[in-house]
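# Report on the structure
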Amino acid sequence: MSASAGGVWVPAWKRKKNKAEAEAAALAEHADGQTDKDDDKGDVDGRPSKDDNVNDLPKPDVELAKQRESWDDLRTGINGVINRLSSTTLKPLAARLFSFNLIRGRGLLARSLLKAATVSPSFAPLYASLVAVVNSKLPENGELLLTRLILQFRRSYKRRDRGALEASANLIAHLCNQGVSHELLALQVLTLLLSTPTEDSVAVAVGFFRAVGSTLKEESPKGEAAVAERLRGILHEGEVSKRCQFTIEKAFADRKRGFPPPVPPSLDLVDRDDQVCFEIGLDDAGLDKQDILDVFREDAEYDEGERAWAKIRKEILGEDDSDSEDSEDGSGSDADDESAEEDEDGDLPDPTDAIVPAPVQKQTISDMSEQALVNLRRTIYLTIMSSASFEECSHKLAKMDIPPGRESELVNMLIECCSQERTFLRYYGLVAQRFCLQRRRWQEAFEASFKENYDTIHRLETNKLRNVAKLFAHLLHTDSVPWTCLSHIRLNEDDTTSSSRIFIKILVQEMAENLGVEKLKARFENPAMRVPFEGMFPVEEPRDTRFAINFFTSVGLGPLTDGLRAVLKDAPKRIMEKARRERERLELLKAEMSTSESEADDSDSDSSSSSSSS
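The rules behind the values
- Residues numbered from 1 in each chain as written.
- Predicted model: local features only at pLDDT ≥ 70, side-chain atom pairs only at ≥ 80, totals over all residues.
- Heavy atoms only, no water.
- Helix = DSSP H or I, 4+ residues; strand = E, 2+ residues; numbered from the N terminus.
- Buried < 20%, exposed > 50% of the residue type's maximum accessible area, 1.4 Å probe, protein only.
- Expected span 1.5 Å × (residues − 1).
- Contact = heavy atoms within 4.5 Å.
- Phe/Tyr/Trp six-rings, centres within 6.5 Å; stacked < 30°, edge-to-face > 60°.
- Lys NZ or Arg CZ within 6 Å of the ring centre and 35° of its normal.
- Patch = residues over 30% accessible without salt bridge, like charges linked within 9 Å, V, L, I, M, F, W, Y side chains within 5 Å.
- Areas by Shrake-Rupley, 256 points an atom, 1.4 Å probe, with all protein chains shown as cover.
- Salt bridge = Lys/Arg side-chain N within 4 Å of Asp/Glu carboxyl O.
- Polar contact = N/O pair within 3.5 Å; in protein donor to acceptor, adjacent residues only side chain to side chain.

### Points about unusual backbone geometry
The phi dihedral of Arg160 is positive, around 55 degrees, even though this residue is not glycine. With respect to the secondary-structure elements, Arg160 resides in the loop between helix 7 (139–159) and helix 8 (162–178). A relative accessible area of 60% means that Arg160 is categorised as exposed. In this structure, Asp479 is a non-glycine residue whose phi angle is positive, near 55 degrees. Following the sequence through the fold, Asp479 ends up in the loop between helix 20 (462–477) and helix 21 (498–515).

### Let's talk about helix 20
Helix length check: helix 20 (16 residues) gives 22 Å between terminal C-alpha atoms against 22 Å at 1.5 Å per residue, within 8%. Here helix 20 has its buried residues at Leu465, Asn467, Val468, Ala469, Leu471, Phe472, Ala473, His474, Leu475, Leu476 and His477. Here the buried face of helix 20 lies against helix 17 (407–419), helix 18 (426–436), helix 19 (440–455) and helix 21. Immediately beyond the C-terminal end of helix 20, within one or two residues, lies Asp479, with a positive phi of roughly 55 degrees.

### Thoughts on the packing of aromatic side chains
Scanning the model with the defined rule gives 14 aromatic pairs in all. Between Phe209 and Phe259 the ring centres are 5.5 Å apart and the planes differ by 85 degrees, which places this aromatic pair in the edge-to-face class. Residue Phe209 is found in helix 10 (residues 199–219), and its partner Phe259 is found in the loop between helix 12 (242–257) and helix 13 (302–317); the two are separated by 50 residues along the sequence. By the burial criterion, Phe209 is buried, and Phe259 matches it. Between Phe435 and Trp442, the aromatic rings sit 5.1 Å apart at their centres with planes inclined by 70 degrees, giving edge-to-face as the arrangement. A single burial state applies to Phe435 and to Trp442, both of which are buried. Members of the aromatic cluster, joined through ring pairs, are Trp483, Phe524, Phe533, Phe537, Phe551 and Phe552. Lying across the ring of Trp483, Arg523 places its NZ or CZ 4.2 Å from the centre.

### Things to note about a nonpolar patch on the surface
Taken together, the side chains of Leu586, Leu589 and Met593 make up a nonpolar region of the molecular surface, amounting to roughly 260 Å² of accessible area. Among the secondary structure elements, Leu589 is positioned in helix 25 (residues 571–613). By relative accessible area, Leu589 is classed as partly exposed at 39%.

### Notes on the pattern of salt bridges
Summed over all chains, the structure comprises 19 salt bridges. Between Glu444 and Arg440 there is a salt bridge; the shortest N-O distance is 3.6 Å. Remark: Arg440 and Glu444 occur in helix 19; sequence separation between them is four residues, near one turn of the helix. According to the relative accessible area criterion, Arg440 is partly exposed, its value standing at 46%. Ionic contacts of the salt-bridge type, sharing partners, join the residues Arg162, Glu166 and Asp200 into one network.

### Quick look at the side chain of Gln275
With respect to the helices, strands and loops of the structure, Gln275 is situated in the loop between helix 12 and helix 13. Residue classification places Gln275 among the buried residues on the basis of a relative accessible area of 12%. At 3.3 Å, the side chain of Gln275 and the backbone oxygen of Ala132 are in polar contact. If we ignore the near neighbours within four places in the chain, the residues touching Gln275 are Ala132, Asn135, Ser136, Gln178, Gly179, Val180 and Val270.

### Quick word on helix 5 (residues 106–119)
An α-helix turns once per 3.6 residues; consequently, residues spaced three or four apart project the same way. For helix 5, which comprises 14 residues, the first-to-last C-alpha distance of 20 Å matches the rise-based estimate of 20 Å (1.5 Å per residue) to within 8%. Every buried residue of helix 5 is accounted for by Gly107, Leu108, Leu109, Ala110, Ser112, Leu113, Leu114, Ala116 and Ala117.

### Points about the environment of Glu306
You can see Glu306 is positioned in helix 13. Given the relative accessible area of 27%, Glu306 is considered partly exposed. Setting aside its immediate chain neighbours within four residues, Glu306 contacts Asn101 and Arg104.

Structure (structure tokens):
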């Protein structure tokens, strides 16, 4: 520590600066032929005052110095507002910010906000709220900040700088929540981060998704569902570490409970109708950072700009309407005083005049809207779609204690979710298998669902039909449901449609792929199961037998038809034997009829003879 003249401590950097300024002033005085011997014009530490230096300059230089000084004050004031920002000082500092020329200093404001958001990412909601206030009044400031933010995000992504990338993504998320940026930008950010998943990109994407999830679910539910599906795929594929998988599971837990509101009430300062939303994309070309706005430039129309800003500031802050507001407040207070006096002058109500209400009869209200059933279906759907594994899903659904008689709700919802997937996911088959092996009532529910879905299979699209067929094939080849449910299938030309034949084809092919053709053939040829399989392997009519043989052969499962081919080969003998038996039956019937006729004639003759003798 060192001291200067007068006993005032001066830092080393300031002493060097004062020494340089003093030398420059001495040279200027020597060049003009003037010698200033008055020591009172300096400051306490011996430095010449600013006003003296400015007044000694020519008029153009004086104007330039004043503009530079104003620029320095503008930069210092904006940085001070940003640094003092907090949840309690947001409103007063937002009004304080408009005291500075934000048109001239919009580059300084954008740079200060981006720097602060990078250093303190946890304050991003505050910075986004401040940007929303400024953007509602001066949209060019919000557009410049968003443009620079997108360019900063691109640069961080290319450099694989996770810290800067996470800070940029966090601020983008809160700007989307405030309505400054369009939700399409958030979807583009998530798509880019999840296109080639890595540990860092998935972690940043999950944090971004949790921050902007509520806005996406409200503005773009399909986009939000697509992002959740992509995260679920990454989780099932296991391409990331356990820690990253845990963060994804936490995101799904938040999604199940419901994302928090996009903007807390304390930070919601701008009405959405007053907000200006910019549809700037992540891949837009020609984005201009406008770095020239961050440095000082001489302005020939400086005074006009300041006067214009003074008018704009008055319009924003409403300084002209202050008197009228005070008068309105005064009139309002007078009215309140008068009403209070009237209440004091009035008579108090007599408690004896109170009306005793009649006893209310209890009414039994029955809910005809089936809201409980709707809530049950919603809970089942959210549980199925938000679970990370089939064990978790089965455990959560089992804890719901679905009442008897409502098994079809879970079964139908599980089949519907499975049919909506692009390809069949074994996840649904494992969940259904777990329930079928728990209790008999779930087996019966899936059996009834098999019959119902087969009867209405023509209503499904090809992709949904394939997923449903593979689901039931999984339950069959794992013996989760009894094979007697196949008795409902009648494989012939009259009882099948194109959709049902496709269903049977996918069903049997999937079973053959998992069991093997030989084992599947042995199961179908089991004598104990001959009756349930009569519909799939008809032997009574040669026409139906031939149709079944051609069907299984065309789908690549010809070995299953060996028994049918043997039956079809012996069909002529069986037909002749059947015809012979039919002829014998007819002959026997005719003989019985002739015998009965002869007995009837004999009885008639006996009766006539007895009558004649009498």
